[in-house]
Amino acid sequence: MPSSLPIRRTLLRATLPAAVTASLVLVPLPGAVATPSAGPVISEVYGGGGNSGATLKNDFIELANPSGAAFGLAGHSLQYLPGSPTSASKWGVTPLSGAVAAGGRYLVAEAPGTGGTVDLPTADATGSLALSATTGTVALVKGTDALTCKTAADCAADPRVVDLVGFGTAVVHEGSGAAAGASNSASVARAASLADTDDNAADFQAGAPTPVNGKGESTPGGGETGPTEPGTVRVHDIQGATRVSPLAGTTVTGVPGIVTGVRTYGTKGFWIQDPSPDADPATSEGVFVYTGGTGPVVKVGDSVLVTAKVTEYYPNSAGGSQSLTELSNPKVTVVSSDNPVPAPVVLDGSAVPAAYAPDAAGGSIEPLTLRPDVYALDLYESLEGMNVEVRDVPVTQASNSYHELWVNAREQDPRSARGGSVYLGYDRQNSGRLMVQSLGAVADFPVADVGDRLAGATGGPLDYTSFGGYAVQATRLGALQSGGLRREVTERGLPSELTIATYNVENLDPGDPDEKFAELAAGVVTNLRSPDILALEEVQDDNGPVNDGTVTAGVTVAKFVAAIKAAGGPAYDWRSVDPVNGKDGGEPGGNIRQVFLFNPDRVSFTDIPGGGSTTAVDVTGTGKRTALTASPGRIDPANEAWNSSRKPLVGQFSFHNKPVFVIANHFNSKGGDQGLDSRFQAPTRSSEVQRAKQAEAEHAFVAKLLAADPGARVVSLGDFNDYQFSPALQTLTQGGVLRDLVNELPASERYSYVYQGNSQVLDHILVSPAFKRQQTRYDVVHINSEFATQASDHDPQVVRVKP
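In this text the structure is predicted, and so the values were computed from the model without any measurement.

## Here's the deal with the pattern of salt bridges
Phase 1 of the analysis: Inspection of every chain in the model, using the stated rule, returns 32 salt bridges.
Phase 2 of the analysis: A salt bridge links Arg243 to Asp378; the nearest nitrogen and oxygen atoms lie 2.7 Å apart. Of this pair, Arg243 sits in the loop between α4 (235-239) and β13 (251-263) while Asp378 is found in helix α5 (residues 376-382), placing the two residues 135 residues apart along the sequence. Like Asp378, Arg243 is buried.
Phase 3 of the analysis: The residue Asp578 makes a salt bridge to Arg593 at a minimum N-O spacing of 3.1 Å. A residue pair is termed long-range when its members are at least 10 positions apart, and Asp578 in the loop between β29 (573-575) and β30 (593-598) and Arg593 in strand β30 qualify at 15 residues.
Phase 4 of the analysis: The exposure class of Asp578 is partly exposed, given its relative accessible area of 33%.

## Section: the nonpolar core
Phase 1 of the analysis: By size, the foremost hydrophobic cluster in this structure holds 35 residues, and its most contacted members are Leu347, Tyr380, Leu434 and Leu462.
Phase 2 of the analysis: Within the residue set of this core, elements represented by two or more residues are α5, β20 (387-397), β21 (404-408), β23 (433-438), β24 (453-465) and β25 (469-474).
Phase 3 of the analysis: If near-sequence neighbours (up to four positions away) are discounted, Leu347 is found in contact with Val352, Leu379, Tyr380, Leu383, Val388, Glu389, Val390, Ala409 and Leu434.

## A few points about the packing of helix α6 (residues 514-527) against helix α7 (residues 554-566)
Phase 1 of the analysis: Relative to each other, α6 and α7 sit at 60 degrees, their axes nearing to 8 Å. Between α6 and α7, the angle falls in the class oblique. Handedness of the α6/α7 crossing: right-handed. Packed against α6, whose contacting residues are Asp514, Phe517, Leu520, Ala521, Val524 and Val525, the element α7 presents Thr556, Lys559, Phe560, Ala563 and Ile564 at the interface.

## So, the side chain of Asn504
Phase 1 of the analysis: Mapping Asn504 onto the fold places it in strand β27 (residues 498-508).
Phase 2 of the analysis: Only 3.0 Å separates the side chain of Asn504 from the side chain of Asp719, close enough to count as a polar contact.
Phase 3 of the analysis: If sequence neighbours within four positions are ignored, Asn504 has contacts with Glu537, Glu538, His666, Asp719, Ser792 and His794.

## Considering the sheet that holds strand β12 (residues 204-207)
Phase 1 of the analysis: One open sheet holds the six strands; their spatial order is β8-β7-β2-β1-β11-β12, and the pairing between them is mixed. Each having just a single partner strand, β8 (125-126) and β12 make up the two edges of the open sheet.
Phase 2 of the analysis: Sheet topology places strand β11 (residues 187-190) next to β12; four bridges connect them, and they run antiparallel. Looking at the pairing, Arg190 lines up with Phe204 of β12.

## Thoughts on the sheet that holds strand β22 (residues 421-422)
Phase 1 of the analysis: Read across the open sheet, the three strands follow the order β22-β41-β40; overall the sheet is mixed. Of all strands in the sheet, those bounded by a partner on one side alone are β22 and β40 (753-755).
Phase 2 of the analysis: Examined bridge by bridge, β40 and strand β41 (residues 758-760) share three bridges and lie antiparallel to one another. The partner of Val754 across the bridge, within β41, is Ser759.

Calculation rules
- Residue numbering note: each chain is counted from 1, following its sequence as written.
- Selection of residues for local features in this predicted model requires a pLDDT of at least 70, selection of side-chain atom pairs for listing and counting requires 80 or more, and totals for whole chains, interfaces and linings are taken over all residues.
- Note that water and hydrogens are dropped before the side-chain values are worked out from all heavy atoms of the structure.
- In what follows, salt bridge is the name for a side-chain nitrogen of Lys or Arg lying within 4 Å of a carboxyl oxygen of Asp or Glu.
- Secondary structure is summarised from DSSP: a helix means a run of H or I of at least four residues, a strand means a run of E of at least two, and numbering begins at the N terminus for each.
- Each residue's exposure class comes from its accessible area (1.4 Å probe, protein chains only) as a fraction of the maximum for that residue type: buried when under 20%, exposed when over 50%, partly exposed otherwise.
- Grouping buried Ala, Val, Leu, Ile, Met, Phe, Trp, Tyr and Cys residues that are joined through side-chain atoms within 4.5 Å yields what is termed a nonpolar core.
- By definition in these notes, contact holds between two residues if any of their heavy atoms fall within 4.5 Å.
- Axis geometry follows a simple rule: fit a line to the C-alpha atoms, using only the stretch in contact for helices, then measure angles between N-to-C directions, giving values from 0 to 180 degrees.
- An angle below 35 degrees is treated as roughly parallel, one above 145 as roughly antiparallel, one from 65 to 115 as roughly perpendicular, and anything else as oblique.
- Each crossing is labelled by how the near helix is turned from the far one, with a counterclockwise turn of less than a right angle marking it left-handed and a clockwise turn marking it right-handed.
- Here a polar contact is recorded for every N or O atom pair within 3.5 Å, except that within protein the pair must consist of a potential hydrogen donor and a potential acceptor, and residues adjacent in sequence are included only if both atoms are side-chain atoms.
- Strand pairing is defined by DSSP finding a minimum of two bridges between the two strands.

Below, the structure written as C-alpha cells:
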C-alpha cells in the first residue's frame, strides 16, 4: 500500500473482517459486484443525534477501510459544510489521529443533542461538528486546513479531498445527486460491500443508524423491547432459494426460531433455526443474528422471536466471496428455554455432491436457483446457518493459532499419502472440505495434525467465513485420534550425487526467535541431510520489516549458517544479490530475496563479477565453454514481469569439474485471486497473468543456455507460487526445456503446502534434459505443512543428481 491516501480512488472489491462488518444493515444491489475504494471511505453519516425522535445522543461519521492494510489517519480530517452554503459558510473541521485497520471501521463522534437515550460505542475520535439531520456535506480530507470549495465541481477538483458525501438536498455531492433519506432517526450509509462509484445517490441508502468503532463494537437494538407475537415471515422465507435473500434490506418482525449456537467473540451473535421446515431443500432454515459489541443474551435451546433488518454481508468481497444472510440490529424476545435443538443434517459422501459449483463462465452464481443435490457449494449455501454434523472425519489441515482446522466430510475425495486431501486440478475440486471452528472454550480445541481424525460427531451451525468459505461453528467436537504423523527424513545422497534443495524459510530475519532459526536448521541438517546446495526463499534484510532502506542480508544469513553449524551441519558458504529497496514485494521493509547456501567441501561456486540488482545476466560461449556473464546474477530484472516481485537468482556451480547452473525462484503470490468458493464461477485467477510472464522470461533464459550447450545441466527450483497444472508451469516446461519433477511422483505425493484443506504444490524442482530420469532422485520432505507446529508454512524438497 502507498504511504498516503490515494486522491482518485481505484475501484476494487472490499475485504472486510467479520469482527467489524457484520453490523452493517445495508444491502448491495442484487447481483451487483461491489467495487469500493482502495483507501478509507466515509461509510455512514448521521446528523440526528439527540434530536426529537432520536435514540442516539450524538451525531457521528463512520469511516471504513476496504483495503488489506491499515491506514494511518494522522494529518487527515473530517470536514462538514451545510447543505446550502452561503458566501459566509465555512467548513467545520475534526482532526483525526490513529489508524483505520485493514477491513476495519473508525468512528468519529460529533456534537450531542439534548435528547436521545443511547450512547455511541466508544469513539475512535471526537469532534464538535453539529451536523444537520437532513442535509449537508461531509468530506474526508488529506490535511487539517478547512476546505474552501462550495460547489460540487470545485470540491471534485480539490486534490485534498479523499472522499465526499452529500446528503439530503446538499449542493455539494458526488455524482448524480446527494444521498436521500437522512432524518432524526435515519442515517445514510454505504452498502455492506462498501461500493463506491463516486455517486452518493447510488452508493448510500437510508436506514437505522449503525455506528461501529475500530473494535467492532456497535449499539444494536436501541434499547427497544422485542416482539411479543410471531410474525408471518419464517427463516426459509428470508433465506430464499438463491444466495441472496429476497427480503434483503427489509425489516422482518417476530421471526421464530430455536437458538442453535452462540458466539461471544469476534462477530458476536447467535444462530436460530426454524424447527418446522418447509419442503424446499434449497431454502435454509437457519440464519445468523448479529448482536454486535454487546454480545448475545440468549443461550442454546432458547425459543426466540426476532425483529431485525435482513442484510447480506460479504466477508471477503475482494476474493469474490459468497454473501452471508444475517439479521442485523435485532430486537429479541425469549419465549421459552431448554428446548431441543433441531436435529443436525449429516454431511458425508452420500450427501455432498462431487461437483463443486455451477459454471457461470466467470460470472456471478448468485442469481441461480440452488441445486443442493448437484453442487457442493449449493448444498452448503442451502444449509447456511443450520445445525450440521460430520462424523469420524480426517483432519486435512492442521489446527492453527486461531483455533481452526479443516476436515473432509467426503470420503471419495482423493487422499494424499499421509491423510490429507490432495489437489490435482482446477476441474478436480475436493468438495468435502470444511473448516471447523469452535464456539466452546479455547482450551478444549484440539491440537491436530493432518492424518488425525475427529472421532464421533463434530457439529454446530454452518457459517461462512472470510478465510476459506463454509465452516462448522462447533458446539460439539469429536474426540481427537492421532494418525501418528511423523516428520519425514530424506534418503542420504551418494558421494557421486549432487544434492540440491529448496526451502522457503518464511520471512526469516535476525529479529526472529532463536527457536525459529534452530528449527529451520534442524530441518536442513536432519531432514534434508545437509544438501550440497540449498536455495532459500524469503530471506529478509538485516533488520527485517524495519523500513529504513537497509537491503543487505549478511546478518540474517550468518545467523542461519551458524544455526546450521550448531545443529551438526556443514559450514555453508553463501551467495546472493541484494534487491533494490522496496522493489521485490513481500512484507514492507523486509526486502525478501533468494539466497544460495553451498557446502564448499562438496561443491564450488564459480564467481563471475558483474552481477547486480538491476543488471541482467546473460549467456556466453558455446558447448562445454558455456558460462554465465555474471554469477551470481539476476534474470532479466528490468522486465515488467518482475514488478514488485522477486527476480530469479542464477548461479554457476562446479561439481566434479562439471558446471551446473542453478536458478532460485520466488514467483509472485496468488494475492488478488478469487477463492475456490467464490460467488464467481469459475473464479478468476488474476495473479496467473504475471506468473505466466515470469515463466516466459525464465523459459527464454533457459532456452538460451540450452541453445549454447544442449547438454547444459540446469536446475530451476524454489517457490513458484503455482500448481503443476498451472499456465506458468506449463510455460516453463514448454518444448521440453525443463522437466517438473513433481509430476514424476505418485499423485498422492504431489504437494508441498496445505491451504484451505487442500494439500497442493507451490514449490517445484525442474531440471534440464541433461538430467535423465535414472540420474535424478527427487523428494518432497514433509516436515511443516501438515503439522500444527511449523518452522515454515512450506515443505522443503531435494533432488539428488549425477552430473
